[in-house]
Amino acid sequence: MGIPIRAAGVDNLSDKAAMMRESLQKSQSITDNMVSMLGSFDHRLSALETAMRPTQIRTHAIRRAHENIDKTLKAANVILNRFDLSREAESKIIRGPHEDLEGYLEAIENLRSNIRFFTNNKSFKSSDGVLSHANNLLSKAISKLEHEFKQLLSSYSKPVEPDRLYECLPNSLRPSSGSPETNAKNPSSHNDRITAENAVYNPPVLIPPRVLPLLHDLAQHMVNAGNSQQCMIIYRDTRSQVLQESLHQLGVEKLSKDDVQKIQWEVLELKIGTWIHFMRIAVKLLFAAEKKVCDQMFEGIESLKDQCFAEVTKGSVAMLLSFGDAIAKSKRSPEKLFVLLDMYEIMRELHSEIEMLFSGKACKEIREAAVGLTKRLAQTAKETFGDFEEAVEKDATRTAVADGTVHPLTSYVINYVKFLFDYQSTLKQLFQEFEKGDESNSQLASVTMRIMQALQTNLDGKSKQYKDPALTNLFLMNNIHYMVRSVRRSEAKDLLGDDWVQRHRRIVQQHANQYKRIAWAKILQCLSIQGSTSSGGGDGGNSSGASRALIKDRLKIFNLQFEELHQRQSQWTVPDSELRESLRLAVAEVLLPAYRSFIKRFGALVENGKNPHKYIRYTAEDLDRMLGEFFEGKT
């Protein structure tokens, strides 16, 4: 039963193997057929490609030809557009800039663009001719542009009226009604000067803001055309004339040293005051406004900005500084010192603004001129100090003060020194021009002490004009006391110091003591009977041994001398009330006790005799009352 099953399995495997062989044979046959077909296609495609090659070449050539035609048409279109642009630009340029300035400037820019285009495309046949025509047209356009720049600038460049400038000043510096020159306020006190320095100034608008952009564009095109020099000349000639005319109308004069020498001092002093005022107006208003115009007009044109500003302001600055220079170089005199200090002060005050306004390289000369004037004013002021010191010491005024009061020279010198201390900070700056650091303080103290010493030396000389040595001492007492009192009440005390004050107070006391000794020693001797005795009693002697005749004689001499002293010294003057009372008291403290003592001791000898009132004319109270009339300057 098992054997038949195995036979059936073998038969099945044989059948399957036969089927597989048959399938493989069929696949091989199909593969061979496909290889044959593919080979045939390859051969046909190769033949087709060979046949299509000429057609492909022709198609590529046609495509390239079309591309070249498109490029040529586009290039031609660009050129045609350029020609159209040139025609439009030429039309606007021929009409000129006056009607449509912005369109004119646009036309010039288009023309420049065309010139650049044809310069870079010189292969075109007509390039040379087009360039020649365009350049000629551009030259004419720039010429018209220059004319328009000049016309526009001139039409809006007018001198600034003085009233308009004064309106731009802070209220504290505006002139009152009347002539601006005579009423211009010039700060003199320390506080006023601080106010002036910190005040707000509003520079005027010189050219309307709507016009400045057009002028800027005109200037820019001129510079681009290589005409920057011509642009600068037009701007300089137009604006500098206007600026100088503004200063002329204000009252600024150009004076030489010789001119200054011919002017009377009162007039010159007024001119100096107005010059100081004009310097503020010029720097803080006019030059500041001109700088603003220049910066806006030449914005982005750095080569012209500083140069134009320097050229425009140079003449005006020179005109202003020439007056200061003439004063600094003119003949020195003591009264000029304070105006020199005022002028030096304004130059110092304006220094930082001048440095800022005229900061460019082109403005170097202007900055140096301003600094130069400041130094000359300082030098002249310093030399004037020396002149004043010498003049005080050598003052030969022969008009002696008959009453021994304070001499005019003393009050003049002390007032002079007081005024100097109004300029204390300015003087420190001035001395710093020559000294370094804290030495400027000691320099001012040294100058003040030398002036005081020169005054004392001169007063010593003047005191010798008096024949009465008592009046000599009264004169010196009065004058040195005036010096001490004035110093104690001023800032000079801090500079000269307490030692100077105490030393000179002692000198005052010494002269007072000398006066008292010289004026009253002789009369006090009349009230002394030491060494004077009588030999007998027939004349009515007393216990002291003094005779009636001697007492009468002494009283007679006393009366004559006191009356003479009263008559003379009531004409003398001690102007300071405190010093006057002190001196009277000092005399009374010596005279009245001596007189009372004399009358008490010897009065009875006279009173018991004939005509006692002939000898005892005054009571102590009468003498005291009469002493109250001394030093009143009565004629």
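About the criteria used
- Residues numbered from 1 in each chain as written.
- Predicted model: local features only at pLDDT ≥ 70, side-chain atom pairs only at ≥ 80, totals over all residues.
- Heavy atoms only, no water.
- Helix = DSSP H or I, 4+ residues; strand = E, 2+ residues; numbered from the N terminus.
- Contact = heavy atoms within 4.5 Å.
- Areas by Shrake-Rupley, 256 points an atom, 1.4 Å probe, with all protein chains shown as cover.
- Phe/Tyr/Trp six-rings, centres within 6.5 Å; stacked < 30°, edge-to-face > 60°.
- Buried < 20%, exposed > 50% of the residue type's maximum accessible area, 1.4 Å probe, protein only.
- Lys NZ or Arg CZ within 6 Å of the ring centre and 35° of its normal.
- Patch = residues over 30% accessible without salt bridge, like charges linked within 9 Å, V, L, I, M, F, W, Y side chains within 5 Å.
- Salt bridge = Lys/Arg side-chain N within 4 Å of Asp/Glu carboxyl O.
- Lys, Arg positive; Asp, Glu negative; His and termini not counted.
- Charge placed at Lys NZ, Arg CZ, Asp CG, Glu CD.
- Disulfide = S-S within 2.5 Å.
- Core = buried A, V, L, I, M, F, W, Y, C linked by side-chain atoms within 4.5 Å.
- Polar contact = N/O pair within 3.5 Å; in protein donor to acceptor, adjacent residues only side chain to side chain.
- pLDDT = per-residue confidence, 0-100.
- Axes fitted to C-alpha atoms, helices over the stretch in contact; angles between N-to-C directions.
- Parallel < 35°, antiparallel > 145°, perpendicular 65-115°, else oblique.
- Nonpolar A, V, L, I, M, F, W, Y, C, P; charged D, E, K, R; others polar.
- Left-handed = near helix turned anticlockwise from the far one by under 90°.
- Expected span 1.5 Å × (residues − 1).
- Bend = angle between axes of the 7 residues up to and from the residue.

**Side note on the overall build of the protein**
(1) Moving on: A count of helical and extended segments in the protein gives 21 helices and zero strands.
(2) Moving on: Intrachain contacts of the protein at a sequence separation of at least 6 include 81% that bridge at least 24 residues.
(3) Moving on: Just so you have it, the protein exposes about 34600 Å², and 51% of that area is on carbon and sulfur atoms.

**Some remarks on the packing of aromatic side chains**
(1) Moving on: The full count for this structure, using the stated rule, is 22 aromatic pairs.
(2) Moving on: When the ring of Tyr466 is compared with that of Phe475, the centres are 5.3 Å apart and the planes differ by 55°; the resulting orientation is tilted. Accessibility assignment for this pair places Tyr466 and Phe475 in one class, buried.
(3) Moving on: Taken together, the ring pairs in this structure connect Tyr515, Trp520, Phe558, Phe562, Trp572, Tyr595, Tyr618, Phe630 and Phe631 into an aromatic cluster.
(4) Moving on: The lysine or arginine in question, Lys291, covers the ring of Phe309, its NZ or CZ lying 5.0 Å from the ring centre.
(5) Moving on: Across from the ring centre of Phe434, 5.2 Å away, lies the NZ or CZ of Lys382, which sits over that ring.

**Topic: a positive patch on the surface**
(1) Moving on: A cluster of basic residues, Lys418, Arg488, Arg489 and Arg505, forms a positive patch at the surface.
(2) Moving on: Note that Arg505 resides in helix H18 (residues 492-526).
(3) Moving on: Accessibility expressed as a relative area gives 40% for Arg505, which makes it partly exposed.

**Points about the state of the cysteines**
(1) Moving on: Counted under the stated rule, the structure contains zero disulfides.
(2) Moving on: With no disulfide of its own, Cys363 lies closest to Cys294 among cysteine sulfurs, the gap being 8.7 Å.

**Comments concerning the environment of Asp624**
(1) Moving on: Within the secondary structure, Asp624 is located in helix H21 (residues 620-627).
(2) Moving on: Among the residues examined, Asp624 registers a relative accessible area of 41% and is labelled partly exposed.
(3) Moving on: Between the C-alpha atom of Asp624 and that of Val587, which follows or precedes it by 37 residues, the distance is 9.7 Å.
(4) Moving on: Apart from residues no more than four positions distant in its own chain, Asp624 is found in contact with Ala588 and Leu592.

**Observations regarding the nonpolar core**
Nonpolar side chains tend toward joint burial in soluble globular proteins.
(1) Moving on: Counting 169 residues, the largest nonpolar core has Phe149, Trp275, Met297, Phe298, Tyr515, Trp520 and Phe562 as its most contacted members.
(2) Moving on: Element by element, the count of residues in this core is highest for helix H10 (residues 265-297), at 16 residues.
(3) Moving on: In contact with Phe149, other than residues within four places in its own chain, are Leu215, Leu218, Ala219, Met222, Cys231, Ile234, Tyr235 and Met297.

**Some words on the side chain of Thr573**
(1) Moving on: Inspection of the secondary structure assignment puts Thr573 in the loop between helix H19 (548-569) and helix H20 (577-607).
(2) Moving on: Classification of Thr573 by relative accessible area gives buried; the value is 13%.
(3) Moving on: Among the polar contacts listed, one links the side chain of Thr573 to the side chain of Asp403, at a separation of 2.7 Å.
(4) Moving on: Dropping the residues within four chain positions of it, Thr573 is found in contact with Asp403, Gly404, Thr405, Leu474, Asn478, Phe631, Glu632 and Gly633.

**Digging into the environment of Leu341**
(1) Moving on: Here Leu341 shows up in helix H12 (residues 336-357).
(2) Moving on: Residue classification places Leu341 among the buried positions, given a relative accessible area of 0%.
(3) Moving on: With 36 residues separating them in the primary sequence, Leu341 and Leu377 have C-alpha atoms 7.7 Å apart.

**Thoughts on the environment of Asp403**
(1) Moving on: Locating Asp403 in the fold gives a position in the loop between helix H13 (364-394) and helix H14 (408-422).
(2) Moving on: Separated by 165 residues in sequence, Asp403 and Arg568 have C-alpha atoms that sit 9.3 Å apart.
(3) Moving on: Setting aside its immediate chain neighbours within four residues, Asp403 contacts Leu471, Leu474, Gln571, Trp572 and Thr573.
(4) Moving on: At 3.2 Å, the side chain of Asp403 forms a polar contact with the backbone nitrogen of Thr405.

**Here we look at the confidence of the model for the protein**
(1) Moving on: Summing up the model confidence of the protein, the mean pLDDT is 83 and the portion of residues at 70 or higher is 82%.
(2) Moving on: For the stretch residues 1-6, pLDDT sits under 50, and the model shows zero contacts to residues farther than four places along the chain or on other chains.
(3) Moving on: Counting interchain partners and residues more than four positions distant, the pLDDT-below-50 stretch residues 187-191 has seven contacts.

**Focus: the pattern of salt bridges**
(1) Moving on: Evaluation of the coordinates by the stated rule reveals 28 salt bridges.
(2) Moving on: Between Glu311 and Lys314 there is a salt bridge, with its nearest N and O atoms 3.8 Å apart. Highlighted residues: Glu311 and Lys314, both in helix H11 (residues 302-329), separated by three residues, approximately one helical turn.
(3) Moving on: Within this structure, Arg236, Asp237, Glu311 and Lys314 form a network of salt bridges that share partners.

**A closer look at unusual backbone geometry**
(1) Moving on: In this model, Phe631 sits at a positive phi of 65°, which is unusual for a non-glycine residue.
(2) Moving on: As for its position among the elements, Phe631 is in the segment after H21.

**Describing the packing of helix H7 (residues 212-224) against H10**
(1) Moving on: Taken N-terminus to C-terminus, the directions of H7 and H10 make an angle of 55°; their axes are 8 Å apart at the nearest point. As summarised for this structure, H7 and H10 are arranged oblique, according to the angle between their axes. On H10, the residues that touch Leu212, Leu215, His216 and Ala219 of H7 are Val293, Gln296 and Met297.
(2) Moving on: Within the contact of H7 with H10, the residues separate by chemical class into five nonpolar, two polar and no charged.

**Some points on the packing of H18 against H20**
(1) Moving on: Relative orientation of the contacting elements H18 and H20 amounts to 15°, with a least axis distance of 11 Å. Here H20 runs roughly parallel to H18, going by the angle between their axes. Every pair of crossing elements has a handedness; the one defined by H18 and H20 is right-handed. Here H18 contributes Ala512, Tyr515, Lys516, Trp520, Ile523, Leu524 and Cys526 to the contact with H20, which in turn contributes Leu583, Ala586, Val587, Val590, Leu591, Ala594 and Phe598.
(2) Moving on: Tallied by class, the residues present in the contact of H18 with H20 amount to 13 nonpolar, no polar and one charged.

**Some details on H10**
(1) Moving on: Between the first and last C-alpha of H10 there are 45 Å, a value that for 33 residues agrees with the 48 Å anticipated at 1.5 Å per step.
(2) Moving on: For H10, the principal kink sits at Ala282 and spans about 40°.

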